[in-house]
Amino acid sequence: MNKVRIGLVGKPNVGKSTFFSAATLAKVDIANYPFCTIEPNVGVAFVAARLPCPCKDLRAKLEAEGRLEPVADDDAREGSLCEPRTGSCVGHRRLVPCFLVDIAGLVPGASEGRGRGNAFLADLANCNALIQVVDAAGSTDLEGNPQGLNQTVETARSRVNEEIEFLGLELDAWIAGLLNDGWVRGVRRVQAEGDKGLTSFIHERLTGLGATLQSVTSAYEAFRSEQTELGSPWDWKESVIASLAVHLRKALFPIHIAANKFDVAPEGVLDGVVANGIIVPCMADVELGLRRAAGAELIAYVPGSNGFSFTDASSLNEAQLKALDHMQERLHSNQGTGVATVLDTVLFDELDHIVVYPVQDEARWTDGDGKILPDAFVVPSAILAKALAYKVHSDLGDGFIRGVDGRSRRVVGSDYELQDGDVLKIHAKS
Ligand SMILES: Nc1nc2c(ncn2[C@@H]2O[C@H](COP(=O)(O)OP(=O)(O)O)[C@@H](O)[C@H]2O)c(=O)[nH]1
Ligand SMILES: [Mg+2]
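A. The arrangement of the overall build of the protein in detail. Scanning the protein for helices and strands turns up 13 helices and 14 strands. Overall size of the protein, expressed as C-alpha extent along the three principal axes, is 80 × 65 × 35 Å. Per-residue burial for the protein yields a buried fraction of 40% across its 430 residues. Residue pairs at least 24 apart in sequence account for 67% of intrachain contacts in the protein once pairs closer than 6 positions are excluded.

B. Geometry of the domain arrangement of the protein. When the domains of the protein are assigned, the result is domain 1 (5-144 + 258-346), domain 2 (174-252) and domain 3 (366-428). Each of domain 1 and domain 3 has a C-alpha centre, and the two are 29 Å apart. Broken down by element, the side of domain 1 that touches domain 3 gets its largest block of residues, three residues, from strand 4 (residues 93-102). Tallied by class, the residues present in the side of domain 1 that touches domain 3 amount to 10 nonpolar, one polar and four charged.

C. Looking closely at the site of ligand 1. G15, K16, S17, T18 and D285 are the nearest of the 16 residues found near ligand 1. Of all the secondary structure elements, the ones that give two or more residues to the shell around ligand 1 are helix 1 (16-23) and helix 9 (284-295). Looking at the shell around ligand 1, its residues break down into six nonpolar, six polar and four charged.

D. View of the sheet that holds strand 14 (residues 423-428). Spatially, the five strands line up as an open sheet ordered 11-10-14-12-13, and their pairing is mixed. A strand with exactly one partner marks an edge of an open sheet, and here the two such strands are strand 11 (377-380) and strand 13 (411-412). Strands strand 10 (353-359), strand 11, strand 12 (400-405), strand 13 and strand 14 of the sheet are contacted by helix 12 (residues 385-392), whose axis makes an angle of about 80° with strand 14.

E. Quick peek at helix 10 (residues 318-334). End to end, helix 10 covers 24 Å across 17 residues, agreeing with the expected 24 Å (1.5 Å per residue, within 8%). Regarding helix 10, the residues found buried are L324, M327 and L331. Summarising the axial view, the buried residues of helix 10 lie within an arc of 60°, below the 170-degree limit, and thus occupy one face. Residues of helix 10 that are exposed and point over 90 degrees away from its buried face: E318, A319, K322, D325, E329, H332 and S333. Just downstream of helix 10, Q335 is the residue with a positive phi angle, here 55°.

F. Main features of the nonpolar core. Ranked by size, the top nonpolar core spans 112 residues in total, and within it I6, C98, A136, A259 and L343 carry the most contacts. Top contributing element to this core by residue count: helix 4 (residues 153-180), with nine residues.

G. Fine view of helix 9. Helix length check: helix 9, at 12 residues, gives a terminal C-alpha distance of 16 Å against a target of 16 Å (1.5 Å per residue), a fit within 8%. As for helix 9, its buried residues are in contact with helix 1, strand 6 (255-260), strand 8 (299-300), helix 10 and helix 11 (339-350). Note on helix 9: the residue one or two positions beyond its end, E297, has a positive phi of about 60°.

H. How the structure looks around unusual backbone geometry. Despite not being glycine, Q335 has its phi angle at roughly 55°, a positive value. Its location among the elements puts Q335 in the loop between helix 10 and helix 11. You will see that R409, though not glycine, has its phi angle at about 65°, which is positive. By the C-beta count within 10 Å, which is 10 here, R409 ends up exposed.

I. Region of the structure containing the pairing of strand 6. In terms of burial, strand 6 is largely enclosed, as six of its six residues are buried. Of the two faces of strand 6, the one carrying I255, I257 and A259 and the one carrying H256, A258 and N260 are both buried. Relative to strand 6, strand 5 (residues 129-135) runs parallel, the two sharing six bridges. In the sheet register, Q132 faces strand 6, and the bridge partner there is I257. When strand 6 meets strand 7 (residues 279-281), the two strands line up parallel, connected through three bridges. The residue of strand 7 that forms the bridge with I257 is I279.

J. Layout of the environment of V71. Turning to its location among the elements, V71 is positioned in the loop between helix 2 (55-64) and strand 3 (89-90). By the C-beta count within 10 Å, which is 15 here, V71 ends up partly exposed. Along the sequence, V71 and L373 sit 302 residues apart, while their C-alpha atoms lie 19 Å from each other. Setting aside anything within four residues of it in sequence, one finds V71 in contact with E78 and G79.

K. Representation of the packing of helix 6 (residues 194-206) against helix 7 (residues 213-226) within the structure. One can describe the packing of helix 6 onto helix 7 by two numbers: an axis separation of 9 Å at closest approach and a directional angle of 125°. Accordingly, the angle class assigned to the pair helix 6 and helix 7 is oblique. Where helix 6 crosses over helix 7, the two elements pack in a sense that is right-handed. For the pair helix 6 and helix 7, the contacting residues are T199, S200, I202, H203 and L206 in the first and L213, V216, T217 and Y220 in the second.

L. Broad picture of the environment of V153. By the secondary structure assignment, V153 is in helix 4. Residues V153 and A137 lie 16 residues apart in sequence; the distance between their C-alpha atoms is 8.4 Å. With sequence-adjacent residues up to four places away left out, V153 is seen in contact with P266, E267, G268 and V269.

M. A look at the environment of V240. Inspection of the secondary structure assignment puts V240 in helix 8 (residues 238-252). Using a count of 15 C-beta atoms within 10 Å as the deciding quantity, one classes V240 as partly exposed. Residues V240 and G144 lie 96 residues apart in sequence; the distance between their C-alpha atoms is 33 Å.

Rules behind the numbers
Residues numbered from 1 in each chain as written. Chains lettered and ligands numbered in written order. Predicted model: local features only at pLDDT ≥ 70, side-chain atom pairs only at ≥ 80, totals over all residues. Helix = DSSP H or I, 4+ residues; strand = E, 2+ residues; numbered from the N terminus. Buried ≥ 20, exposed ≤ 12 C-beta atoms within 10 Å, placed from the backbone. Contact = placed C-beta atoms within 7 Å. Domains from an automatic or database assignment. Nonpolar A, V, L, I, M, F, W, Y, C, P; charged D, E, K, R; others polar. Near = placed C-beta within 6 Å. Pairing = 2+ DSSP bridges. Axes fitted to C-alpha atoms, helices over the stretch in contact; angles between N-to-C directions. Expected span 1.5 Å × (residues − 1). Arc of directions from axis to C-beta. Core = buried A, V, L, I, M, F, W, Y, C linked by C-beta atoms within 7 Å. Parallel < 35°, antiparallel > 145°, perpendicular 65-115°, else oblique. Left-handed = near helix turned anticlockwise from the far one by under 90°.

Structural data, given as structure tokens:
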């Protein structure tokens, strides 16, 4: 099962919950995701795979062999042949699931235990990637209190910078706290092992945050190269440990920015704004409005696109038409609402994931019940065939014999690196 978790974080009133509702609006078979019913702030967002679903190639092959008629004009699925267990596929545009978490509780002093304190920080550490939703309109202060919509570009920009800095500082303080606790005793214990001992000590301290030794080592090296006279670690002042914490935070927590409320933001607000991650302009409430209108079959809208069409404009009243026209204009000028864009970019570029399709029958691309391409797995790029087998089922991993590439029909070994869009049959001892 797909387990990528993307966390939404930010000060109050920036639009986290609106973003979450919009992105998770599609009806999901909740039975496949039992823990979503336990945690109300966890939902499933569907993201379009970048490559066409392999059912496109399958259709082409069947048509060429004369075993299938070309797509009918009125085909509701626009040619898609697959039978997704979760998600959907229309016109070979395959939607794959990814978990979204609405993490409330970013308040000043979270690192000192205020608000939800450590629970909030633990929620962050549990995600594969974080998106900070910020108020690009500058219409709220740091506590989320409304400040009015007509902010100057300078005010809005400085509020955006303040928000980005604020989360960074809370994370820095948290990491520094974890390091400071028992630092002197800990670093003396590993002193004989030099830098290596020190980095593994830091790594051990931060494993709860999902730190890898590699990321800790590179952060430590960046820190070292910046300091002139370091001396022995047990003599380091708190300010030195604090600067180490900043390097570690940058390595461990890239924070991608959804610059929300872009529909009401002053022009140029993001010029010169920098973040430790990507920055994407967003309009979460426009996305929510469009998905609802699409759900009510008033419009045809594909999330991520920069326009929509009316299903039956004559059935709309004047207010609805006006609201939708306004949204259409926003969509065009912003090239989409940004909601699908930021999820796509974080999942496929920043996390470097791909979509692969395990099957049981390498010729027909079906599972044991004859379902066509039922599973689409979102996995790290270049995942090895054996590691994918383990994701399908532990027995399949334990008993792995070989794989067969569904397209070339070539046999591949356990160390075959999967590529985006691969169809793979896995043979295993049972
Ligand atoms: N203009 C505008 N308002 C938005 C947008 N997204 C959310 N809002 C509004 O911002 C307010 C706070 O949204 P909410 O999702 O509750 O924020 P949260 O506290 O971060 O979860 C609500 O009134 C939303 O309607 C947007 O893209 N544009
Ligand atoms: Mg909320």
